[in-house]
Every structure is written in structure tokens, then in C-alpha cells.
Amino acid sequence: MFEHAHDNLRLWGRIWELSKQTLHAFWLDVKREGQGDQFAWFLYFDVAEGSAKRQQQALDSHDDAEEIDWRAKIAGEATVEDGRLAIVSDSMRVLIRDMPEPEVTWDRKQRRPRR
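Residues numbered from 1 in each chain as written. Predicted model: local features only at pLDDT ≥ 70, side-chain atom pairs only at ≥ 80, totals over all residues. Heavy atoms only, no water.

**As for the pattern of salt bridges**
Okay, step 1: Counted under the stated rule, the structure contains six salt bridges.
Okay, step 2: A salt bridge links Arg32 to Asp7; its shortest N-O distance comes to 3.2 Å. With Arg32 in strand 3 (residues 22-32) and Asp7 in the loop between strand 1 (2-4) and strand 2 (8-17), the pair connects residues that are 25 residues apart, well separated along the chain.
Okay, step 3: A relative accessible area of 22% means that Arg32 is categorised as partly exposed.
Okay, step 4: Where Arg32 meets Asp37, a salt bridge forms, and the shortest distance between an N and an O atom there is 4.0 Å.
Okay, step 5: Each member of the salt-bridge network shares a partner with another, and the members are Asp7, Arg32 and Asp37. (Salt bridge = Lys/Arg side-chain N within 4 Å of Asp/Glu carboxyl O. Helix = DSSP H or I, 4+ residues; strand = E, 2+ residues; numbered from the N terminus. Buried < 20%, exposed > 50% of the residue type's maximum accessible area, 1.4 Å probe, protein only.)

**Side note on the confidence of the model for the chain**
Okay, step 1: Residues of the chain with pLDDT of at least 70 account for 84%, and the chain-wide mean is 82.
Okay, step 2: Ranking the elements of the chain by mean pLDDT puts strand 9 (residues 112-114) last, at 56, and strand 5 (residues 70-81) first, at 93. (pLDDT = per-residue confidence, 0-100.)

**Some details on the packing of aromatic side chains**
Okay, step 1: Under the defined criterion, the tally for this structure stands at two aromatic pairs.
Okay, step 2: For the pair Trp12 and Trp27, a centre-to-centre distance of 5.0 Å together with 20 degrees between the ring planes defines the contact as stacked. Of the two residues, Trp12 is situated in strand 2 and Trp27 in strand 3; the sequence distance between them amounts to 15 residues. Trp27 matches Trp12 in its accessibility class, with the two residues each being buried.
Okay, step 3: Centroid distance Tyr44 to Trp70: 5.7 Å. Interplanar angle 40 degrees. Geometry classified as tilted. Linking Tyr44 in strand 4 (residues 38-47) with Trp70 in strand 5, this pair joins segments that are 26 residues apart in sequence. Considered together, Tyr44 and Trp70 belong to a single accessibility category, that of buried residues. (Phe/Tyr/Trp six-rings, centres within 6.5 Å; stacked < 30°, edge-to-face > 60°.)

**Quick look at a nonpolar patch on the surface**
Okay, step 1: Residues Trp16, Leu18 and Leu23 make up a contiguous nonpolar surface patch of roughly 350 Å² in combined accessible area.
Okay, step 2: Along the polypeptide, Leu23 turns up in strand 3. (Patch = residues over 30% accessible without salt bridge, like charges linked within 9 Å, V, L, I, M, F, W, Y side chains within 5 Å. Areas by Shrake-Rupley, 256 points an atom, 1.4 Å probe, with all protein chains shown as cover.)

Pasting the structure below:
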């Protein structure tokens, strides 16, 4: 999904990891700070909700990334350079929750992993 306005950009969705056959949710928010070309950005990755069903529904049932529990959050600052956003060096901050990988069960009929 994609939303944008004059002062912010919001992008969220799911990425399929081929090597582990897992689906990962992400949410990216980019917000203008003040009136200039300074932006704050926040990248959230992997929903950490309790049940598999809540993990799958998290993106569809929330209006803001801060309402969701995430495994990882990366934040930083960006500026406009040559008409493109560029990350400000040394501005990145990372928060990673220490959580176990979800357990994989096998669907015998389909012969593929099921989460």
C-alpha cells in the first residue's frame, strides 16, 4: 500500500523471503521536519504480534505503524540532494527485539511449510 501527502510518505506491505519461505511485513514512514528539505524516516520490520493470525492482519487493521509491535525499527534523517532523498550519515538508530523465529509446521497435503 502507498499513501502520500505534501509532508509525508507512507509505504507498507509484505516481502517474501525465498531462502526461508517466510513472509515479512514492513512499514516505511518518511515525514518532513519543518518547512525545509529535512526529513525523518522510520522503517519497521517483522510484526511481533502474539498469534499468527494477528501477525497476518496487523497491516490491514492499523492506521499507524506505532500501533503495531515490531521485531525491528530503524530510524534516521534524510535530506534532499539533486531531487532525491539521501540518508544523513551517522543519523541511523536501530532497535531490535530479541524474539525467536516462528515455528514452521508442514502442510502434508500441500507439502510446503505452513505458519
